[in-house]
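For reference, the chains in residue letters:
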Amino acid sequence: MYDIIIVGGGPAGLTAALYAKRAGFSTLLLEGGVLGGQAAATPDIENWPGTRHISGSDFAANLYEQSRALGAELRLEAATALEAEGALRRVSTSAGRYEARCVILANGVKRRKLGVPGEERLAGRGVSYCATCDGNFFRGKEVAVVGGGNTALEDALYLAALCPKVHLIHRRERFTGDAHLVDSVRDVANIRRCMDTRVLEIQGEASVSALRLEGPRGAHILPVSGVFAAVGLIPDNEAFAPPLELDAYGYLQAGCDCRTPLPGVFAAGDTRSKQLRQLVTAAADGATAAFQAGLYLHEMQPV
Ligand SMILES: Cc1cc2nc3c(=O)[nH]c(=O)nc-3n(C[C@H](O)[C@H](O)[C@H](O)COP(=O)(O)OP(=O)(O)OC[C@H]3O[C@@H](n4cnc5c(N)ncnc54)[C@H](O)[C@@H]3O)c2cc1C
């Protein structure tokens, strides 16, 4: 029986473990993939406040070491179900079933891939899934954004302030994002809209040099230094619903206090409904969720 079980060892979960241990709570951290989460796969981080540059693997290792030194218990197991019985919360994995008075879900998201040749090989070398994260590396260079929803439109606007030209490539005739974003994109001179166009291949040796596209006038090559895939995030929360409810996009419903509608269960980081999914917001959620769990534990009767 733990005070707090944390599901997910990314920036949100590891920060929650750090805060929970410093507040004196017994803590079990379950990680079903790679410790550090998405951050572990990031070659360069330049927007962690107070640190000009750090590799994702060093960032993840530092975070883990900090919570481990405080005594957070870690099991490399994926959570497969959440149950509530009175004030008791249970988390199942393929290896067992664990009980706690609180659960913090910090299981993150996955980034949808384009699924074209060259994408895997050039990931982190011109292929990016996050304009806010990597845009600065492409300052002064010509880039492409692939997608037609709000994220793609926002990414194009963000990059247009850094890059001389942004090619916004969408496979349909119309964007699916909000009208005000579509209007904003149309008004920015250095965003070129390429409708009805598909990416066939990402080309380059050491880094991205061009895209092979198929558009209304057939196949052609577009020279670019970077390509931002903005074709969606994939939340993976079915294991926890029920007892929790998901929003229309599959994210866990929780506000800035990270409390879900189920008392004693909190959602932190990219997995919860929010607008900005970044390291700093994930870590902030981890701290908030652990703090709120502490308040809840002090208020509740012993199980
Ligand atoms: C390529 C890339 C580059 C990025 N670069 C930056 C950057 O430079 N700056 C920035 O601010 N942000 C960046 N981001 C975004 C940032 O990494 C995320 O916003 C942040 O990692 C979210 O943290 P999280 O802990 O909420 O989720 P995640 O990092 O997704 O971690 C969730 C963890 O939970 C685990 N998990 C999932 N399901 C289960 C389960 N059922 N049981 C147990 N464990 C589970 C996963 O294996 C994972 O380790 C980048 C993202 C990517 C993909």
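- As annotated in an unreviewed UniProt entry, the protein chain carries the name FAD-dependent oxidoreductase and comes from Lawsonibacter hominis.

## Section: the overall build of the protein chain
- A count of helices and strands for the protein chain gives six helices and 17 strands.
- For 303 residues, the compact-globule formula gives about 19 Å, and the C-alpha radius of gyration of the protein chain, at 21 Å, lands near that figure.
- Here the protein chain holds 303 residues, and 49% of them are scored as buried.
- Considering only intrachain contacts with a sequence separation of at least 6, the fraction spanning at least 24 residues in the protein chain is 58%.
- Of the roughly 14,400 Å² that the protein chain leaves accessible, carbon and sulfur atoms contribute 50%.
- Each charge class in the protein chain was averaged separately, 31 positive and 33 negative side chains, and the resulting centres sit 3 Å apart.

## A closer look at the packing of helix α4 (residues 150-160) against helix α5 (residues 179-187)
- Close contact between α4 and α5 brings their axes to 10 Å; oriented N to C, the two are set at 30 degrees. Taken together, the axes of α4 and α5 are roughly parallel relative to one another. The element α4 and its partner α5 pack so that their crossing is left-handed. Taking contact as the criterion, the partners of Asn150, Leu153, Glu154 and Leu157 in α4 are, on α5, Leu181, Val182, Ser184 and Val185.

## Digging into the site of the ligand
- Near the ligand there are 32 residues, and of these Glu31, Gln38, Asn47, Ala79 and Asp270 occur at the shortest range.
- One of the backbone nitrogen or oxygen atoms of Arg277 is found 3.4 Å away from an oxygen atom of the ligand.
- Bound to the protein, the ligand loses 90% of the 1,000 Å² it would expose on its own.
- Taken together, the elements giving at least two residues each to the shell around the ligand come down to α1 (11-22), β7 (109-111) and α6 (279-299).
- Residues belonging to the shell around the ligand are distributed by class as follows: 13 nonpolar, 13 polar and six charged.

## So, the packing of α1 against helix α2 (residues 56-69)
- Two elements in contact, α1 and α2, have axes whose closest approach is 8 Å; the angle formed by their N-to-C orientations is 25 degrees. In terms of orientation, α1 lies roughly parallel with respect to α2. Handedness of the α1/α2 crossing: left-handed. Across the interface between the two elements, Pro11, Leu14, Thr15, Ala17 and Leu18 from α1 touch Phe59, Ala60, Leu63, Tyr64, Gln66 and Ser67 from α2.

## A few points about the environment of Leu211
- The topology assignment puts Leu211 in strand β13 (residues 210-215).
- The class of Leu211 is buried, set by a relative accessible area of 0%.
- Taking the C-alpha atoms as reference, Leu211 lies 5.9 Å from Glu201; in sequence the two are ten residues apart.
- With residues near it in sequence (within four places) discarded, Leu211 still touches Ala144, Ile169, Val199, Glu201, Ile202, His220, Ile221, Leu222, Val224 and Val227.

## Observations concerning the pairing of strand β2 (residues 27-30)
- The alternating pattern of β2 places Thr27 and Leu29 on one face and Leu28 and Leu30 on the opposite face, and all of these are buried.
- Note: strand β1 (residues 2-7) against β2, four bridges, orientation parallel. The residue of β2 that forms the bridge with Val7 is Leu30.
- Between β1 and its parallel partner β2, the chain crosses via α1, and the hand of that crossover is right-handed.

## Considerations on the domain arrangement of the protein chain
- Segmenting the protein chain into domains produces domain 1 (2-110 + 233-299) and domain 2 (113-229).
- Distance from the C-alpha centre of domain 1 to the C-alpha centre of domain 2: 32 Å.
- Listed by partner, the interface residues are five residues for domain 1 and seven residues for domain 2.
- Where domain 1 abuts domain 2, roughly 460 Å² becomes buried across the two surfaces, and 52% of that area is made up of carbon and sulfur atoms.
- The interface formed by domain 1 and domain 2 includes zero salt bridges.

## Observations concerning the environment of Thr288
- Relative to the helices and strands, Thr288 is located in helix α6.
- On the accessibility criterion, Thr288 (24% relative accessible area) is partly exposed.
- In sequence terms Thr288 and Thr15 are 273 residues apart; their C-alpha atoms lie 9.4 Å from each other.
- In contact with Thr288, not counting residues within four places along its chain, are Cys256, Asp257 and Cys258.
- Polar side-chain contacts of Thr288 include one of 2.9 Å to the backbone oxygen of Ala284.

## A few points about the pattern of salt bridges
- Under the defined criterion, the tally for this structure stands at eleven salt bridges.
- Across the salt bridge formed by Glu83 and Arg97, the nearest N and O atoms sit 3.5 Å from each other. Pair noted here: Glu83 is in strand β4 (residues 79-85) and Arg97 is in strand β6 (residues 97-105), with a separation of 14 residues, a long-range link.
- A residue is classified by how much of its surface remains accessible, and Glu83, at 33% relative accessible area, is partly exposed.
- Arg90 is the salt-bridge partner of Glu85, the closest N and O atoms lying 3.0 Å from each other.
- Of the residues examined, Glu85 reaches a relative accessible area of 49% and is grouped as partly exposed.
- Owing to a relative accessible area of 11%, Arg90 belongs among the buried residues under this scheme.

Rules used in this analysis
Residues numbered from 1 in each chain as written. Predicted model: local features only at pLDDT ≥ 70, side-chain atom pairs only at ≥ 80, totals over all residues. Heavy atoms only, no water. Helix = DSSP H or I, 4+ residues; strand = E, 2+ residues; numbered from the N terminus. Rg over C-alpha atoms; globule rule 2.2 N^0.38 Å. Buried < 20%, exposed > 50% of the residue type's maximum accessible area, 1.4 Å probe, protein only. Contact = heavy atoms within 4.5 Å. Areas by Shrake-Rupley, 256 points an atom, 1.4 Å probe, with all protein chains shown as cover. Lys, Arg positive; Asp, Glu negative; His and termini not counted. Charge placed at Lys NZ, Arg CZ, Asp CG, Glu CD. Axes fitted to C-alpha atoms, helices over the stretch in contact; angles between N-to-C directions. Parallel < 35°, antiparallel > 145°, perpendicular 65-115°, else oblique. Left-handed = near helix turned anticlockwise from the far one by under 90°. Near = heavy atom within 4 Å. Polar contact = N/O pair within 3.5 Å; in protein donor to acceptor, adjacent residues only side chain to side chain. Nonpolar A, V, L, I, M, F, W, Y, C, P; charged D, E, K, R; others polar. Pairing = 2+ DSSP bridges. Right-handed = clockwise from strand over helix to strand, strands pointing away. Domains from an automatic or database assignment. Buried area = accessible area lost by both parts, 1.4 Å probe. Salt bridge = Lys/Arg side-chain N within 4 Å of Asp/Glu carboxyl O.

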